[in-house]
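Residue-level structure breakdown
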Amino acid sequence: MSDASTRAAELLKEHRKSIDRLDAVLVYTLAERFKHTQAVGELKAQHTLPPSDPLRESQQVERLQRMALDAELDPEFAKKFLNFIIGEVIQHHKKHQE
């Protein structure tokens, strides 16, 4: 391997180590988030509240899109990501109400 190829391989390895660490952070952060949303679902079920709160959901999407812009992340990706999470949370909340 040339010096340039060797250096590129080293950089690739370092980037991948960072990606692996960040993936772990994401997984543990999502787990923590879902613990709280499970508690919210149980509370909503106990008090016969609807599993979905469209106003809060839209506010959260707007908030996340603003943060995405600040973080130089595609806000449309952030919106899709949060909508996916919200969909999962609503399904969990519906299960609590059954």
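Residues numbered from 1 in each chain as written. Predicted model: local features only at pLDDT ≥ 70, side-chain atom pairs only at ≥ 80, totals over all residues. Heavy atoms only, no water.

Let's shift gears to the nonpolar core. Counting residues in each nonpolar core, the largest one holds 7 residues, listed as V61, L64, A68, A78, L82, I86 and I90. Taken together, the elements giving at least two residues each to this core come down to α2 (54-70) and α3 (75-97). Looking at this core element by element, the count peaks at 4 residues for α3. Once you skip the residues sitting within four places of it in the chain, I90 turns out to touch P51, S52 and E57. (Core = buried A, V, L, I, M, F, W, Y, C linked by side-chain atoms within 4.5 Å. Buried < 20%, exposed > 50% of the residue type's maximum accessible area, 1.4 Å probe, protein only. Helix = DSSP H or I, 4+ residues; strand = E, 2+ residues; numbered from the N terminus. Contact = heavy atoms within 4.5 Å.)

Attention shifts here to α3. Its 23 residues place the ends of α3 33 Å apart at the C-alpha level, agreeing with the 33 Å of an ideal helix rising 1.5 Å per residue. Of all the residues in α3, the buried ones are A78, L82, I85, I86, V89, I90 and H93. Elements that come into contact with the buried residues of α3 comprise α1 (3-46) and α2. Two to three positions downstream of the cap, the backbone nitrogen of E76 sits 3.0 Å from a side-chain oxygen, assigning the N-cap of α3 to D74. (Expected span 1.5 Å × (residues − 1). Polar contact = N/O pair within 3.5 Å; in protein donor to acceptor, adjacent residues only side chain to side chain.)

We now examine the side chain of E57. Relative to the helices and strands, E57 resides in helix α2. Buried and without a salt bridge, E57 has K44 as its closest oppositely charged side chain, separated by 6.0 Å. Setting aside anything within four residues of it in sequence, one finds E57 in contact with S52, I86 and I90. (Lys, Arg positive; Asp, Glu negative; His and termini not counted. Salt bridge = Lys/Arg side-chain N within 4 Å of Asp/Glu carboxyl O.)

As a note on interpretation, predicted positions should not be read in detail where pLDDT is low. Per-residue pLDDT for the chain has a mean of 94; in total, 100% of the residues score no lower than 70. Looking at the elements of the chain, mean pLDDT is at its lowest for α3, recorded as 90, and at its highest for α1, recorded as 96. (pLDDT = per-residue confidence, 0-100.)

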